[in-house]
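Topology and contacts: notes
Listed below are the residues making up each chain.
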Amino acid sequence: MSKILAEDGRIYLRRLRVDDDLSNYLEWINDPEMNTYLSKKRKQSLGDLKSYIESHENDYLCGIFSKDNDSHLGNVLVSRIDNSNNNCHIGIFVGKEVWGKGIGTSAVDLLSGYVLKTKGFHKITAGVTKDNIGSSRLFEKSGYTLEFVAKEEFKLGDMYIDNLYYTKYNSK
């Protein structure tokens, strides 16, 4: 089993592995309601997910797991790591069965704390489409503040919508 990077009373985070049971993840990623705000909208295969996991070998692609039964609840990813400037990006993707239950907020809190405090990063940025109100609230609850708006940056169907960029700084 991979090392647990962070945990609280309900969940733990550890790096996602290609030999994990990815069946829930495959179902989520191919659910149109869940992938609305993802840039990749084509149907994904198990091989695609394994390639994706391998492509993030140098990032922190963490599975979110329940402490009660070790079930996979979603993923949280720190990527675009810039060690020269001590900054990175974070993203969250949780199963809709846990939407609104604070699991995503806990996962973002845990991984943000890990990279800011343990790894010593200065800044984390999260990009959220303007229409994704749940994700905006999640990052705000986790102490992120809106830094800027990129106009018409994300294509949703035939429309272009704004992306909101939230940041969190290491308070040391």
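Residues numbered from 1 in each chain as written. Predicted model: local features only at pLDDT ≥ 70, side-chain atom pairs only at ≥ 80, totals over all residues. Heavy atoms only, no water.

1. What about the overall build of the protein chain?
Put simply, the rule reads: Numbering goes from the N terminus for both helices and strands, where a helix is a DSSP run of H or I of at least four residues and a strand is a run of E of at least two. Our radius of gyration looks at C-alpha atoms and nothing else; its globule reference is 2.2 Å times the residue count to the power 0.38. Only protein chains enter the area calculation, which uses a 1.4 Å probe; residues under 20% of their type maximum are buried, those over 50% are exposed, and those in between are partly exposed. Whether two residues are in contact is decided by their heavy atoms, any of which lying within 4.5 Å being enough. Values of accessible area rely on a 1.4 Å probe in the Shrake-Rupley scheme; residue burial ignores everything except the protein chains shown. Only four residue types enter the tally: Lys and Arg on the positive side, Asp and Glu on the negative side; His and the chain ends are excluded. Taken as the charge centre is NZ of Lys, CZ of Arg, CG of Asp or CD of Glu, depending on the residue.
Secondary structure assignment for the protein chain yields 4 helices and 8 strands. Taken from N to C terminus, the helices and strands of the protein chain fall in the order β-β-α-α-β-β-β-α-β-α-β-β. Rg of the C-alpha trace for the protein chain: 15 Å, near the compact-globule value of 16 Å for 172 residues, within the 12% margin. Dimensions of the protein chain, computed from C-alpha atoms along their principal axes, come out at roughly 45 × 40 × 30 Å. For the protein chain, with 172 residues in total, the buried portion stands at 44%. Considering only residue pairs separated by 6 or more positions, the protein chain has 58% of its internal contacts joining residues 24 or more positions apart. In the structure as shown, the protein chain presents an accessible area of about 9,400 Å², 48% of it carried by carbon and sulfur atoms. Between the mean site of the 24 positive side-chain charges and the mean site of the 24 negative ones, the protein chain shows a separation of 3 Å.

2. Section: the confidence of the model for the protein chain
Put simply, the rule is: The predictor's confidence in any single residue is recorded as pLDDT, a number from 0 to 100.
Within the protein chain, residue pLDDT values average 90, and 93% of them lie at 70 or more. By mean pLDDT, helix α1 (residues 23–29) is the weakest element of the protein chain at 86, and strand β2 (residues 11–15) is the strongest at 96.

3. Some remarks on the state of the cysteines
To be explicit about the condition: Here, the term disulfide refers to a pair of cysteine sulfur atoms separated by no more than 2.5 Å.
Throughout the structure, instances matching the rule amount to 0 disulfides. The closest cysteine sulfur to the non-disulfide-bonded C62 is located on C88, 12 Å from its own sulfur. Residue C62 is classed as buried on the basis of its relative accessible area, which comes to 0%. Classification of C88 by relative accessible area gives buried; the value is 1%.

4. Here's the deal with unusual backbone geometry
Located in the positive-phi region is D70, a residue other than glycine, with phi close to 60 degrees. Residues other than glycine seldom take positive phi values, yet N86 does so here, at roughly 55 degrees. Relative to the helices and strands, N86 resides in the loop between β4 (72–82) and β5 (87–94).

5. With respect to the environment of L111
For L111, the position within the fold is in helix α3 (residues 103–118). Counting along the chain gives 35 residues from L111 to V76, while the straight-line C-alpha distance between them is 7.6 Å. For L111, the residues in contact, after removing those within four places along its chain, are L13, Y60, C62, V76, L77, V78 and I90.

6. A word on the packing of α3 against helix α4 (residues 133–141)
To characterise two packed helices, one gives the angle between the axes of the helices and the distance between these axes. Under the convention used in this document: Between the N-to-C directions of two axes lies an angle of 0 to 180 degrees, each axis being a line fitted to C-alpha atoms and, for a helix, fitted only over the stretch in contact. Just so you know how the angles are binned, under 35 degrees is roughly parallel, over 145 roughly antiparallel, 65 to 115 roughly perpendicular, and the rest oblique. With the far helix as reference, a near helix turned anticlockwise by less than a right angle produces a left-handed crossing, and one turned clockwise produces a right-handed crossing. All amino acids are sorted into three groups, where Ala, Val, Leu, Ile, Met, Phe, Trp, Tyr, Cys and Pro are nonpolar, Asp, Glu, Lys and Arg are charged, and the leftover types, Gly among them, are polar.
Closest axis-to-axis distance for the α3/α4 pair is 9 Å, and the angle between their directions is 45 degrees. Here α3 lies oblique to α4, going by the angle between them. Relative to α4, the crossing made by α3 is right-handed. Contact residues: G104, T105 and V108 in α3; L138, F139 and K141 in α4. Its residues assigned to classes, the contact of α3 with α4 comprises 3 nonpolar, 2 polar and 1 charged.

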